[in-house]
Amino acid sequence: NEDGKTVSFVSFGTCTDEVVYIASTYNGMPVTEMHNVAYWEADYIPADHGFSSKYVKRLVISDTVQIVDFECIRQCPNIESVYIGAKVEKLRTWLFSSGEGEKIEKIEVSPDNEIYMSSGNCIIEKATKTLIRGCKTSVIPADGSVEIIGRNAFSGALGLTHIEIPDCVTAIKGSAFSFTNLESITLPESLEMLWGGVFSGCKNLKEIHFNGTIDEWNSIPKDAEWDLGTADYTVYCTDGK
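Residues numbered from 1 in each chain as written. Predicted model: local features only at pLDDT ≥ 70, side-chain atom pairs only at ≥ 80, totals over all residues. Heavy atoms only, no water.

Colleague: Which residues make up the nonpolar core, and what values go with them?
Modeller: Grouped together as the largest cluster of nonpolar side chains are 32 residues, with contacts concentrated most on Ile149, Ile172, Phe177, Phe199 and Trp217. Among the elements of the structure, β11 (122-125), β16 (184-187) and β18 (207-210) are those that each provide at least two residues to this core. Setting aside residues up to four positions removed in sequence, tryptophan 217 forms contacts with Leu187, Leu194, Ile208, Phe210, Lys222, Trp226, Val235 and Cys237. Grouped together as the second largest cluster of nonpolar side chains are 27 residues, Val20, Val56, Ile73 and Tyr116 included. (Core = buried A, V, L, I, M, F, W, Y, C linked by side-chain atoms within 4.5 Å. Buried < 20%, exposed > 50% of the residue type's maximum accessible area, 1.4 Å probe, protein only. Helix = DSSP H or I, 4+ residues; strand = E, 2+ residues; numbered from the N terminus. Contact = heavy atoms within 4.5 Å.)

Below, the structure written as structure tokens:
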């Protein structure tokens, strides 16, 4: 890096290992950042692409890394699990939009990380109580640690078909469940806002179960394009549909 004292991880190169550990040091200097410079322009990198790191299934990020950009993981279309170290302080919200996003099933954060925590295969920003990334196996914790489903939190997780949002959640931000295979979702009475594109491209969506009345559902502020591109669906409330 420019400071001459730290280094960045920039590529998996020709690595064929299934489990990859990002080293804490390289040539005696700490590894503080991860950002892949080999391929920038595409959201989807197929397994047969020249820049694809198709062998990687598990990535362990060391405790010296502070910044993780999405390119380095997006390049791994077959990745199944990620461990995030204690010093990571900045994560891009599209972190696991890798390949078609359906293979991620385990997300862990070091218990010593001061910014983020993991619970129920979700990454949660502690200070804001925002779920910033989930996957197909996520179970959103109902203990009050999550109040906001963040922007793009589940975007591209094609394996996600059903999920329940607990009563502690008050807002679901833009594109949170966009381009998933979501078929049904349960929303809490505590919900106060649905942002734009929440279910954008969810062509399999059939049922929204709302734990409140029809009047309460209609009173929730919704962006004009909150359900853009969905199929026909039914909202089931406690007093009708």
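Colleague: How would you sum up the pairing of strand β10 (residues 116-119)? Please name residues and give values.
Modeller: For a regular strand, side-chain orientation follows a simple rule: the groups alternate between the two sheet faces. Sheet analysis places β10 next to β11, joined by 4 bridges and oriented antiparallel. Opposite methionine 117, over in β11, you have isoleucine 124 as the bridge partner. Adjacent in sequence and paired antiparallel, β10 and β11 are bridged by 2 residues, among which glycine 120 carries a positive phi angle near 60°. (Pairing = 2+ DSSP bridges.)

Colleague: How would you sum up the sheet that holds strand β17 (residues 193-194)? Please name residues and give values.
Modeller: Spatially, the 6 strands line up as an open sheet ordered β10-β11-β12-β13-β15-β17, and their pairing is mixed. Strands at the two margins of the open sheet, each flanked by one partner only, are β10 and β17. Both strand β12 (residues 130-133) and strand β13 (residues 148-149) contribute to a ladder of 2 bridges, which runs parallel. Bridge pairing in β13 links leucine 131 to isoleucine 149.

Colleague: So what's going on with the environment of leucine 228? Residues and values would help.
Modeller: Examined against the element boundaries, leucine 228 turns out to sit in the loop between α2 (214-219) and β19 (234-236). In this structure, leucine 228 is in contact with Phe199, Ser200 and Gly201, ignoring residues within four places of it in sequence.

Colleague: Go over the pattern of salt bridges with me, naming the residues and quoting the values.
Modeller: The final tally for this structure, using the stated rule, is 3 salt bridges. Across the salt bridge formed by glutamate 18 and lysine 57, the nearest N and O atoms sit 3.9 Å from each other. With a gap of 39 residues between them, glutamate 18 in the loop between β1 (7-9) and β2 (19-21) and lysine 57 in the loop between β4 (29-34) and β5 (58-60) connect regions that are remote in the sequence. Overall, the relative accessible area of 45% leaves glutamate 18 in the partly exposed class. A salt bridge links glutamate 108 to arginine 58, with the shortest nitrogen-to-oxygen separation between them at 3.1 Å. With glutamate 108 in strand β9 (residues 106-109) and arginine 58 in strand β5, the pair connects residues that are 50 residues apart, well separated along the chain. Its relative accessible area of 22% is what places glutamate 108 among the partly exposed residues. When its relative accessible area of 23% is taken as the criterion, arginine 58 is described as partly exposed. (Salt bridge = Lys/Arg side-chain N within 4 Å of Asp/Glu carboxyl O.)

Coordinates in, geometry out; function isn't part of it.
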